[in-house]
Amino acid sequence: PPLFLPLFHSTTTTSVQSDPCLSDDWTIRQPPRHSQCLPLAEVTLAQKIKEAGYATHMVGKWHLGFKTPDYTPNKRGFDSFFGYYAGSQDYYNHESLCWDGGFKNWCFENVTKDGEAATGIDLHQNMDTVFGNTDYSTMLFTTQAEKIIDQHAQQNRQRQEKGEEATPLFLYLPYQAVHVGNTPTPNHPEYALDQAPQKYIDMYRDVLDVQRRNLSAMVAVMDEAAHNITQALKAAGMWDDTLFIFSTDNGGPVNDKANNYPLKGGKGSLWEGGVRGTGFVTSGSPSNVGLHSLGINHQLIHVTDWLPTLCEVAGCSLNGTLPLE
């Protein structure tokens, strides 16, 4: 059984959520940023956990800046990265709208000759752009995460056969779901704010509002993805030693048919509907990973708590980080 966190608090929007999750930095204390990048002076959770001997991998949404390669995941503590840099994109063709960046010939122009925001392929395997992929992103990212889990388990078996110690794994998997996609434009009528495979949309055919129906389908795919990740960990023999954390990045956007009832407000607001959301921790064997109290934890927890908490679990030092929140 999981440990539910009904008083888990995040931030009002996505990028400012990724920041304190990975760096413990409370974004309102940051000076104005250039190109919306996490400052290089900030030490990330991945960097600290890597120092403790973990293999570190990221799949999914970065959204912490890419004005130069030094700001990207591979330079911020992750051994591998598969995902996208910007804040939102099309779920199928993986094109992102005009997001500020600085890679020569990788950045997107301000506007097209028609006055529309330019788009560009924003799917990357480490530092290389991935072209031609049209898999639905939630499923694509799940498949990549499953591969990492399987490969990590195989590598550890090989180490143990040689009499070497196994290497622990830190996998950061921020899904694109259920963020909106791209707004349709005359040049890109295929874009849509809420996208999901048709069979999942059909599960909610009784929901009359089309946008709410599609959003519900997106959540269903994400729920299934979480299940598939746990199954991959079980198949790899890792589930009993896994600390599995699920948390939201912000409240649902009420203007896009999300519902945060009974909380007031939504994404972008400081009401509890904007900053309080779903969170739980679980494991195949809770006592193995330090979970000694399950059920419901009514204590307040904030996203900035993750870095020092997980560092304590992983045994990493907080030396070198900026003052913690």
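Look up: the structure comes first, before these words.
The rules behind these values
- Residues numbered from 1 in each chain as written.
- Predicted model: local features only at pLDDT ≥ 70, side-chain atom pairs only at ≥ 80, totals over all residues.
- Heavy atoms only, no water.
- Helix = DSSP H or I, 4+ residues; strand = E, 2+ residues; numbered from the N terminus.
- Contact = heavy atoms within 4.5 Å.
- Polar contact = N/O pair within 3.5 Å; in protein donor to acceptor, adjacent residues only side chain to side chain.
- Core = buried A, V, L, I, M, F, W, Y, C linked by side-chain atoms within 4.5 Å.
- Buried < 20%, exposed > 50% of the residue type's maximum accessible area, 1.4 Å probe, protein only.
- Arc of directions from axis to C-beta.
- Pairing = 2+ DSSP bridges.
- Axes fitted to C-alpha atoms, helices over the stretch in contact; angles between N-to-C directions.
- Phe/Tyr/Trp six-rings, centres within 6.5 Å; stacked < 30°, edge-to-face > 60°.
- Lys NZ or Arg CZ within 6 Å of the ring centre and 35° of its normal.
- Expected span 1.5 Å × (residues − 1).

**Quick word on the environment of N288**
Turning to step 1, where the next piece is worked out: Summarising the element assignment, N288 is placed in the loop between β11 (279-282) and β12 (295-296).
Turning to step 2, where the next piece is worked out: Counting along the chain gives 45 residues from N288 to L243, while the straight-line C-alpha distance between them is 9.0 Å.
Turning to step 3, where the next piece is worked out: Sequence-distant contacts of N288, defined by excluding residues within four places in its chain, comprise D240 and D241.
Turning to step 4, where the next piece is worked out: Engagement of the side chain of N288 in a polar contact is seen with the backbone oxygen of D240, the distance being 3.2 Å.
Turning to step 5, where the next piece is worked out: Within the local environment of N288, its side chain forms a polar contact with the side chain of D241, the two groups lying 3.4 Å apart.

**Side note on the nonpolar core**
Turning to step 1, where the next piece is worked out: In this structure, F141, I149, I229 and L233 are the most contacted members of the largest nonpolar core, which totals 32 residues.
Turning to step 2, where the next piece is worked out: Breaking this core down by element, the ones donating at least two residues are β4 (80-84), α3 (137-161), α4 (198-202) and α5 (210-235).
Turning to step 3, where the next piece is worked out: Top contributing element to this core by residue count: α5, with 10 residues.
Turning to step 4, where the next piece is worked out: Here I149 is in contact with L169, L171, I229, A232, L233, A236 and M238, once residues within four sequence places are set aside.
Turning to step 5, where the next piece is worked out: Counting residues in hydrophobic clusters, the runner-up holds 20 residues, among them W62, L310, C311 and A314.

**Considering helix α7 (residues 306-314)**
Turning to step 1, where the next piece is worked out: Within α7 the residues assigned to the buried category are W306, L307, L310, C311 and A314. Considered in projection along α7, the buried side chains sweep an arc of 125 degrees and stay on one side of the axis.
Turning to step 2, where the next piece is worked out: Phi for G315, located one or two positions after α7, is positive at around 80 degrees.

**A closer look at the sheet that holds strand β7 (residues 124-125)**
Turning to step 1, where the next piece is worked out: One open sheet holds the 5 strands; their spatial order is β8-β7-β4-β3-β9, and the pairing between them is mixed. The two strands at the open ends of the sheet, each matched to only one other strand, are β8 (128-129) and β9 (169-172).
Turning to step 2, where the next piece is worked out: With 2 bridges joining them, β7 and β8 adopt antiparallel strand pairing. Note that in β8 the partner of Q125 across the bridge is D128.
Turning to step 3, where the next piece is worked out: Helix-sheet contacts for α3 involve β3 (55-61), β4, β7 and β9, and the interaxial angle to β3 is about 170 degrees.

**Quick notes on the environment of Y84**
Turning to step 1, where the next piece is worked out: Mapped onto the elements, Y84 comes out in strand β4.
Turning to step 2, where the next piece is worked out: When the C-alpha atoms of Y84 and H63 are compared, they prove to be 7.9 Å apart, with 21 residues separating the residues in sequence.

**Some remarks on the pairing of β9**
Turning to step 1, where the next piece is worked out: The side-chain alternation of β9 yields one buried face, formed by F170 and Y172, and one unburied face, formed by L169 and L171.
Turning to step 2, where the next piece is worked out: Judged from the 4 bridges that link them, β3 and β9 form a sheet pairing that is parallel. When the sheet's bridge partners are listed, A55 is paired in β9 with L169.

**Some remarks on the packing of aromatic side chains**
Turning to step 1, where the next piece is worked out: Here the structure, examined in full by the defined rule, presents 13 aromatic pairs.
Turning to step 2, where the next piece is worked out: Each ring, one from F78 and one from F170, has its centre 6.4 Å from the other, and the planes form 20 degrees; the classification is stacked. Within this pair, whereas F78 is found in the loop between β3 and β4, its partner F170 is found in strand β9, the two being separated by 92 residues in sequence. Residue F78 shares its accessibility class with F170, and that shared class is buried.
Turning to step 3, where the next piece is worked out: Taken together, the ring pairs connect F4, W239, F244, F246 and F280 into an aromatic cluster.
Turning to step 4, where the next piece is worked out: For K264, the ring lying beneath its charged end belongs to W271, and the centroid distance is 3.9 Å.

**Looking at the side chain of T167**
Turning to step 1, where the next piece is worked out: Its location among the elements puts T167 in the loop between α3 and β9.
Turning to step 2, where the next piece is worked out: Within the local environment of T167, its side chain forms a polar contact with the side chain of R159, the two groups lying 3.5 Å apart.
Turning to step 3, where the next piece is worked out: Other than its neighbours up to four places away in sequence, T167 contacts G53, Y54, A55, H152, N156 and R159.

**Some thoughts on α5**
Turning to step 1, where the next piece is worked out: Helix length check: α5, at 26 residues, gives a terminal C-alpha distance of 37 Å against a target of 38 Å (1.5 Å per residue), a fit within 8%.
Turning to step 2, where the next piece is worked out: If you check the start of α5, you find a side-chain oxygen 3.1 Å away from the backbone N of Q211, and it comes from D209.
Turning to step 3, where the next piece is worked out: Following α5 by one or two positions, G237 has its phi on the positive side, about 75 degrees.

**A few points about the sheet that holds β12**
Turning to step 1, where the next piece is worked out: Read across the sheet, 4 strands follow the order β10-β11-β1-β12 without closing on themselves; strand pairing throughout is mixed. The two strands at the open ends of the sheet, each matched to only one other strand, are β10 (244-247) and β12.
Turning to step 2, where the next piece is worked out: In the sheet, strand β1 (residues 3-4) pairs with β12 via 2 bridges, with the strands oriented parallel. Bridged to L3 within β12 is G295.

**Description of the pairing of β3**
Turning to step 1, where the next piece is worked out: In terms of burial, β3 is a largely internal element, 7 of the 7 residues being buried.
Turning to step 2, where the next piece is worked out: Sheet topology places β3 next to β4; 5 bridges connect them, and they run parallel. Its bridge partner being in β4, G60 is matched across the sheet by G83.

Any functional reading would require information beyond the geometric quantities listed.
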